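Chains, contacts and geometry: an overview
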Number of protein chains: 2
Amino acid sequence: MDLTITLDNQIDRPLHQQLYEELRQTILTGRLLPRQKLPSTRSLAQSLHISRTTVTQSYDRLLSEGYLESIVGSGTYVCAQLPDELLHSSPVETEQTLNSDPIHLSCYGNHLSQTLFALQPKLEQPISFRLGQLALQHFPIALWRKLLSRYCLASSDWLDYAADFQGYLPLRQAIAAYLSRSRAVQCTPQQIILTNGTQQALDLVMRLLIDAGDGIVVEDPGYLSARRVFLSHQAVLAPVPVDESGLIVEKLAGLDSTSLKLVYVTPSHQFPTGSILSLARRLELLAWAHQHHCLILEDDYDSEYRYGDRPIPALQGLDQSNSVIYIGTFSKVLFPSLRIGYLVVPPSLVFLFTQAKWLCDRQLPMLEQQVLTEFIEAGHLESHIRRMRSHYDQLRQTLVKALKTHLGDRVVILGEQAGIHIMVKLQTSWNDAEVIQRASEAGVGLESAQPYYLQGIDRGEFILGYGDLDSETIAMGIDRLAQALEK
Amino acid sequence: MDLTITLDNQIDRPLHQQLYEELRQTILTGRLLPRQKLPSTRSLAQSLHISRTTVTQSYDRLLSEGYLESIVGSGTYVCAQLPDELLHSSPVETEQTLNSDPIHLSCYGNHLSQTLFALQPKLEQPISFRLGQLALQHFPIALWRKLLSRYCLASSDWLDYAADFQGYLPLRQAIAAYLSRSRAVQCTPQQIILTNGTQQALDLVMRLLIDAGDGIVVEDPGYLSARRVFLSHQAVLAPVPVDESGLIVEKLAGLDSTSLKLVYVTPSHQFPTGSILSLARRLELLAWAHQHHCLILEDDYDSEYRYGDRPIPALQGLDQSNSVIYIGTFSKVLFPSLRIGYLVVPPSLVFLFTQAKWLCDRQLPMLEQQVLTEFIEAGHLESHIRRMRSHYDQLRQTLVKALKTHLGDRVVILGEQAGIHIMVKLQTSWNDAEVIQRASEAGVGLESAQPYYLQGIDRGEFILGYGDLDSETIAMGIDRLAQALEK
């Protein structure tokens, strides 16, 4: 943990006061994050060469003021729910900055500072069903390393930018071919803009298409990170519910469409419910969007992991009127810190997106683009996907079986045909927070689906990510969860 | 060149018409860029299996409409100055998109589409004094490869994000230490936000601090890429001239400061004049900024290459009131496609910038962060900088000597004490375009300083980048230039 604390014996403020201020500052500036565990009073005292009483005094004050919370038998944590007014007003209050001018933010900056969310560290539990985790131990590091090494030496081209402002052309060609054969996406390499992953793709779309007050249709529940980007641009969200066939397209008719600019969908694997948008609804959605002059933003974030029927063609491939922007990423199939994703945009938007990306941060690292190109062209991508699909499929079957075995009719499993998490509805008398607390006491981490809904009420719905677990752990975790909920 | 042309014999539009439309589209969407050379009519005819007459007919029409220009003895090029109305209105006019809905852009998108600039490919001349080129052949590829290889195998940590949202902590620590010893920048690792280079740093600052109509003081002449980012956010530029001691700070007094939010400066090596902001002016600027509640944006883009006196401390290190945001990058000292730069921000802005970067595109690739950390910590960065400084110094001396030898009192050399380009003022009877044309006919590429001024009038000032050249080529280039200007 990055907890650099500077105390000064020479100053006449007492040490516990100094420590209190340092820790408070650390929390307010986000260096210590909500739910992050603090060192024990003993170990912090040792590392700072001060008495344990001093540390205890500081902790006590922070506890009483709501910055910290103590969990019996576990330790002291930064409060999961920091009082909003702290986060909203605080970062400017430090002693150091009181001397300086108030800093005037832009509208975007101001809006963002009013809606700061905690950047959450990963939950630490012996068995954590965490969302978005991958079986990274199966990534072919040796192969990737070999390719890196080879391209490092093959030429020195990779030291400089790609000649193409949209990104390395051979990579865009490889992606266009891959998308065509695997997702029925119809595009030329010229329609592809390489981005640093999905997040930048979403942000570019917002910047170029959305003004404050513009409406965006979102799935409810839906992908939180996308929603946050939309909200950071002060878009107005128009939630539409989903069922087992994905977004309920007919509900769009009930919306006031005047300010709607965009429909954001995850048709291959609705996040987080896991349902798949039916072909009929896809066509219906395309027709609706065309009729209402809305663009569709198709986020195909983990379409590769699909266990049931043949995949349904991407909306982009079904579209006849250039009204779909398609987003894909390699973070989910390869590894998260490979910051390579892409946008497929209608021809008329190519130059604008290219220029926006260039203004925004130029290009992607070239060596990775070359390595990824070969990785795709030599067939490694698709064979890796096949391997991982079968690996995740096995985990998924274990999870489903364990849920049925241990929870029986106390659980309803939603959309398990795709992805690397499943959503469940638990029949219990506990509310969501109690379920999580009980699970946590049994050493099991799981997430409520609550934050993914626009209206965050308790529904007894939870999300179980299993990508980084093994079958044994999954079975044990569900066993423990079931026991914890029985008590 | 990426010139994918699709012709269809079955369609009843004549082939020359189809080819005309395809090529026009290619230019309008920016796939063919201003000044880019087209294939000869013969080679295009061969590759498309059509008659040369067909190609000539299409070229002729594009020439007559101002899309192409023909340079005798050299070939056919996309027009350097495409008529503005073409670039502004065109990308939506394609046949393919006429069927689709008009796409409504955001204010930012609209503004950008009104101010599209050509993304220019590199000038191709036998000897090109191009700006921003580096001696990449001296980059220690073998060492970098060894480190990549080592960290690839050392653990699989690099597959996932860094635990720290601001970027990999050890890298931020290494940067803070490096900045402290080399630039007298005073910061903790907590004040550092890693970015994909300078460009993203500039863009984040704009997003968080600048609204349309806000004023930004810029050096005149100044860095074009920064100005483009500022303008893309609809900032109002307040140009202030520079002299041999950098920005003329006393001229700030003449500005209406009410809407000014930011002063953008390149104090270590003013771009492009090469002057260095004096210590007295640095202090004066800090006082002015504090008094007028303005932030200073200090872009230290190539401060490493400095040949004269001891470096003057960065503004950031002299600042007492947290009013400086400092930007640095490794693209210029290592290689351009290493997309790692950083912001050093006042403590009160840390959390906001961290969150904005996270929303914008998450994090930087982890493997490169690890490799760069070791590269800095093991002393490779600084020894590479020393080596390159001496290499560039030699080139610079050759260039200065050649200019004096061949052009004598027809040239005034401006600010040659830093960087990897110099600016010169030529005494000639030719205007800037004529100088460039004559140089080009002699096989020498050079850039007019004109675009770097807000008022683009002819001043006889030119910029000579020499980073990727060798001494012999430099001497020969200046010799040829001198001869070309004598005729």
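Structure: see above.
Residues numbered from 1 in each chain as written. Chains lettered and ligands numbered in written order. Predicted model: local features only at pLDDT ≥ 70, side-chain atom pairs only at ≥ 80, totals over all residues. Heavy atoms only, no water.

Moving on to the packing of helix α7 (residues 141-154) of chain B against helix α14 (residues 366-377) of chain B. Residues and elements named next belong to chain B. It is at 9 Å that the axes of α7 and α14 come closest, and there the two elements cross at 120 degrees. Classified by the interaxial angle, the pair formed by α7 and α14 is oblique. Here the hand of the crossing between α7 and α14 comes out right-handed. The segment α7 lies against α14, with L143, W144, L147, L148, R150, Y151 and C152 engaging L367, Q370, V371, L372, E374 and F375. For the contact of α7 with α14, the class distribution of residues is 10 nonpolar, one polar and two charged. (Axes fitted to C-alpha atoms, helices over the stretch in contact; angles between N-to-C directions. Helix = DSSP H or I, 4+ residues; strand = E, 2+ residues; numbered from the N terminus. Parallel < 35°, antiparallel > 145°, perpendicular 65-115°, else oblique. Left-handed = near helix turned anticlockwise from the far one by under 90°. Contact = heavy atoms within 4.5 Å. Nonpolar A, V, L, I, M, F, W, Y, C, P; charged D, E, K, R; others polar.)

This part covers the nonpolar core. In terms of nonpolar packing, the biggest core is built from 150 residues, with A:W144, A:F330, A:L334, B:W144, B:F330 and B:L334 touching the most fellow members. Aside from chain neighbours lying at most four places away, what touches B:W144 is A:W158, B:F139, B:L334, B:F335, B:L338, B:V371, B:L372 and B:F375. A:L349, B:L33, B:L209 and B:F353 belong to the second-largest nonpolar core, a separate cluster that totals 84 residues. (Core = buried A, V, L, I, M, F, W, Y, C linked by side-chain atoms within 4.5 Å. Buried < 20%, exposed > 50% of the residue type's maximum accessible area, 1.4 Å probe, protein only.)

Glancing now at the interface of chain B and chain A. In this assembly, 94 residues from chain B lie in contact with 93 residues from chain A. Roughly 8700 Å² of surface becomes buried between chain B and chain A when both sides are summed, with 63% attributable to carbon and sulfur atoms. Run the count over chain B and chain A and you get two salt bridges. The closest approach of N and O atoms between B:R207 and A:D203, which form a salt bridge, is 2.6 Å. Linking chain B to chain A there are 34 residue pairs in polar contact (both at pLDDT 80 or more). Every element with two or more residues in the side of chain B that touches chain A is listed here: α5 (95-98), α6 (107-114), α7, α9 (197-209), α10 (224-232), α11 (279-291), α13 (350-361) and α14 of chain B. The element best represented in the side of chain B that touches chain A is α13(B), accounting for nine residues. Class assignment for the residues of the side of chain B that touches chain A results in 47 nonpolar, 31 polar and 16 charged. (Buried area = accessible area lost by both parts, 1.4 Å probe. Salt bridge = Lys/Arg side-chain N within 4 Å of Asp/Glu carboxyl O. Polar contact = N/O pair within 3.5 Å; in protein donor to acceptor, adjacent residues only side chain to side chain.)

The subject of this paragraph is unusual backbone geometry. Residue and element names in this part refer to chain B. Cis geometry marks the peptide bond from D220 to P221; its omega dihedral reads 0 degrees. Secondary-structure assignment places P221 in the loop between β5 (215-220) and α10. With an omega of 0 degrees, the peptide bond running from F271 to P272 counts as cis. Considering the arrangement of structural elements, one finds P272 in the loop between β8 (260-265) and α11. Of note in this structure, Q234 is not a glycine but carries a positive phi near 60 degrees. Structurally, Q234 can be placed in the loop between α10 and β6 (236-243). Classification of Q234 as partly exposed rests on a relative accessible area of 32%.

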